[in-house]
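Chain by chain, the residues:
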Amino acid sequence: MSVTNTNKVVRKAIFPVAGLGSRFLPATKASPKEMMPVVDKPLIQYAVEEAVAAGVTEMIFVTGRAKRAIADHFDKAYELEHQLEKSGKKELLKIAQSVVPKGVSCTYIRQTEALGLGHAVLTAAHLIGDEPFAVVLADDLIYGGDSALKQMVEQHSFYSSSVIAVQQVLGAAISAYGVISGNKQGERLYLLDGIVEKPKLEDAPSDMGVTGRYIFTPQIFDHLRALKPGAGGEYQLTDAIHALLLAEQVMAYEFKGTRYDCGSKMGLLRANIELALVHPEIGEDVRHYLKNDLNGLL
Ligand code: G1P
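Described in the following lines is the structure provided in the data block. Quick caveat: nothing in here was measured; it's all calculated off a predicted structure.

**As for the packing of aromatic side chains**
- Throughout the structure, instances matching the rule amount to seven aromatic pairs.
- Here F133 and F221 contribute two aromatic rings whose centre-to-centre distance is 5.0 Å and whose plane-to-plane angle is 5°, an arrangement assigned as stacked. In this pair, F133 sits in strand β6 (residues 133-136) while F221 sits in helix α8 (residues 220-225), placing the two residues 88 residues apart along the sequence.
- Looking at F133, the relative accessible area reads 0%, which means it is buried.
- An angle of 20° between the planes, with centres 5.5 Å apart, marks the rings of Y214 and F216 as stacked. For the pair formed by Y214 and F216, the shared burial category is buried.
- Ring pairing ties together the aromatic residues F15, F61, F74 and Y108, which thus form one cluster.
- Directly above the aromatic system of Y46 lies the positively charged group of K41, at a separation of 4.7 Å from the ring centroid.

**A few points about the site of the ligand**
- Lining the immediate surroundings of the ligand are L137, D140, Y177, G178, E197, K198, V210, G212, Y214, Q236, T238 and R259.
- Between K198 and the ligand, the recorded distance is 2.7 Å, taken from a side-chain N or O atom to an oxygen atom.
- Protein chains shield 76% of the accessible area of the ligand, which is 380 Å² for the free molecule.
- Ranked by residues supplied to the shell around the ligand, first place goes to strand β11 (residues 208-216) with three residues.
- Tallied by class, the residues present in the shell around the ligand amount to four nonpolar, four polar and four charged.

**Regarding the packing of helix α3 (residues 78-86) against helix α4 (residues 90-97)**
- Contact geometry for α3 and α4: axes closest at 8 Å, N-to-C directions at 160°. By the angle class used here, α3 and α4 are roughly antiparallel. Where α3 crosses over α4, the handedness of that crossing is left-handed. Residues L80, E81, L84 and E85 of α3 pack against L92, L93, A96 and Q97 of α4.

Quick notes on the rules
Residues numbered from 1 in each chain as written. Predicted model: local features only at pLDDT ≥ 70, side-chain atom pairs only at ≥ 80, totals over all residues. Heavy atoms only, no water. Phe/Tyr/Trp six-rings, centres within 6.5 Å; stacked < 30°, edge-to-face > 60°. Helix = DSSP H or I, 4+ residues; strand = E, 2+ residues; numbered from the N terminus. Buried < 20%, exposed > 50% of the residue type's maximum accessible area, 1.4 Å probe, protein only. Lys NZ or Arg CZ within 6 Å of the ring centre and 35° of its normal. Near = heavy atom within 4 Å. Polar contact = N/O pair within 3.5 Å; in protein donor to acceptor, adjacent residues only side chain to side chain. Areas by Shrake-Rupley, 256 points an atom, 1.4 Å probe, with all protein chains shown as cover. Nonpolar A, V, L, I, M, F, W, Y, C, P; charged D, E, K, R; others polar. Axes fitted to C-alpha atoms, helices over the stretch in contact; angles between N-to-C directions. Parallel < 35°, antiparallel > 145°, perpendicular 65-115°, else oblique. Left-handed = near helix turned anticlockwise from the far one by under 90°. Contact = heavy atoms within 4.5 Å.

The structure is reproduced here in structure tokens:
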């Protein structure tokens, strides 16, 4: 087993956003699930902000049909800015202008067939080249403390190996995740020796589920190219990670922060309630509402 030693910084992140979002129909019939808001920001913006905080400057979106709103969101909105400027709404103007910070670029590429997460990541291979990169799934909103991706970039710069985000998942819910097995190396760190996509509870090798944050060495592309259809008939990123860990060191990292599964209605609702409670503009009102006004409805 060899330890890759690229020692390069993570400048690029892939955001796979081609999924149909069918769990949220009809909300997602004509607009992307990644544009669903948590309080006042779309999910994809939380993901991009986390990447920016980790030092990533090149955002690569792997998109599909009906996803134009994502590109529009990260584009300059001339008419809107003009209107806000004319009416003296300086604060709102600042918000509209700061969606993409200076020095950050966005690239969009179409995944023409929905063949799975592994296939989506491979679609962007030519935009990555020979350097480490991140993959961020916007469905998983991680809130609180340091950017989770930044924590992982720190681990990558120490170990120079791929780093997969994990968290403990209790009971049968584990079957909705990639699940790792490995040796604990430190308080939050595992050296992987196995990973399996969506196992039955009785077959799960541990209770540590993969969360949608990954940092990969470019060697992952060799294994993505060699993939055969896996769980659900899709080209699974998890299977490529399994092949990668047989060839080189791969770490898993238990990030600090609260993760909301915004791919589910309940997760999205929890994120909305909990982030509304800490929102500077409406936090106090929401707290009052939940404490005093809800009783009659429960
Ligand atoms: C994907 C991955 C899975 C991972 C999960 C995290 O699954 O395939 O390994 O645990 O994201 O959110 P999905 O939720 O897209 O089915």
